[in-house]
Amino acid sequence: CSDIRDDLAVELDRPAGTIAVIPTCIDNRSYRVGPGAGRRRAILHMGTPGYKNPVATVRAFALVPVDDAELFVTGKPTAELVAAVAELPEARRARVHKLGFVSEEELRELLSTVRAEAVPSEYSTPVASPTVLEAFASGTPVAASRSISGDLLGPGRNGFVDDPADATAMARSLTTLLTDDRKWEQLSRGAVRAAAGLYADRV
């Protein structure tokens, strides 16, 4: 991504324009953009390793003031994730679905039927996240950390950028994605546009 290119240019003492960026890309034919009207008031969090920070998503989910909100988490449940879910009130805890490993087909179906993806990942350098790109190819806006490259995520354009340690801020972003139809449609269109520039045949 260009964030790394620019830092590398400084480190190598050469013009950024002499360093080519070959971006992350996907096969867009594998993804479906589901309509906003038919989507569940649900959030998807993909992956449970520590750097994926699923606990931050659970803590934000606890503060989302939407009674029928759901949270889907893919990946092997870790002790930290299980403990964080156990701290939720019973009614909210019942709306967290720990899915374990899912097939590519199941994942793509989830991406096209939820209203939001939470990506509070923590990386040492900015990342053009395939997780975010897959969501965008499905027309799904994200609430993500600053670890996601600006090449992909534009606050107010296709999602939100929050500090994963600030559960209140992240919950506010997720609540908007779950309840504000007009804003969701705007961000969904921006997500599709962002993904279109990163289709494999074009790259």
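Preceding this section is the structure that the text describes.
Scope of this entry: the structure provided in the associated data block. As the structure is a prediction and not an experimental result, all values here were calculated from the model. (Residues numbered from 1 in each chain as written. Predicted model: local features only at pLDDT ≥ 70, side-chain atom pairs only at ≥ 80, totals over all residues. Heavy atoms only, no water.)

**Remarks on helix α7 (residues 167–179)**
Applied cut-off: A run of H or I in DSSP becomes a helix once it reaches four residues, and a run of E becomes a strand once it reaches two; helices and strands are each numbered from the N terminus. Given a helix with a known number of residues, its expected span is that number minus one, times 1.5 Å. In this scheme, a residue with accessible area under 20% of its type's maximum is buried, one over 50% is exposed, and one in between is partly exposed, where area comes from a 1.4 Å probe on protein chains only. Only heavy atoms enter the contact rule, under which two residues are in contact if any of them lie within 4.5 Å.
In this model α7 runs 18 Å from its N-terminal to its C-terminal C-alpha over 13 residues, within 8% of the 18 Å that 1.5 Å per residue would give. For α7, the complete set of buried residues consists of Ala167, Ala169, Met170, Ala171, Ser173, Leu174, Thr175, Leu177 and Leu178. For α7, the elements touching its buried residues are β1 (42–46), α2 (54–61), β4 (116–119), β5 (142–144), β6 (159–161) and α8 (181–196).

**Details of the environment of Arg93**
Heads up, the condition is: Residues adjacent in sequence count toward polar contacts only when both atoms are side-chain atoms; beyond that, a polar contact is any pair of N or O atoms within 3.5 Å, and within protein one must be able to donate a hydrogen and the other to accept it.
Relative to the elements of secondary structure, Arg93 occurs in helix α4 (residues 90–93). Ignoring sequence-local partners within four residues, the contact set of Arg93 consists of Val85, Ala86 and Leu88. A polar contact is formed between the side chain of Arg93 and the backbone oxygen of Leu88, at a distance of 2.7 Å.

**A closer look at the packing of helix α6 (residues 130–137) against α8**
Formally: In this analysis, axes come from line fits to C-alpha atoms, helices being fitted only over the stretch in contact, and the angle between any two N-to-C directions falls in the range 0 to 180 degrees. Crossings are assigned a handedness: left-handed for a near helix turned anticlockwise from the far helix by less than a right angle, right-handed for a clockwise turn.
Packing of α6 against α8 leaves a shortest axis separation of 7 Å and a crossing angle of 115 degrees. The crossing of α6 and α8 is left-handed. Within the contact between the two elements, α6 uses Leu133, Phe136 and Ala137 and α8 uses Ala191, Val192, Ala194 and Ala195.

**Details of the pattern of salt bridges**
Put simply, the rule is: Any Lys or Arg side-chain nitrogen located within 4 Å of an Asp or Glu carboxyl oxygen qualifies as a salt bridge.
Per the counting criterion, the structure on display carries seven salt bridges. The salt bridge partner of Glu109 is Arg32, with a shortest N-O separation of 3.5 Å. Of the two residues, Glu109 sits in helix α5 (residues 104–113) while Arg32 sits in the loop between α1 (2–12) and β1, which places them 77 residues apart along the sequence. Taking relative accessible area as the criterion, Arg32 reaches 41% and is therefore assigned partly exposed.

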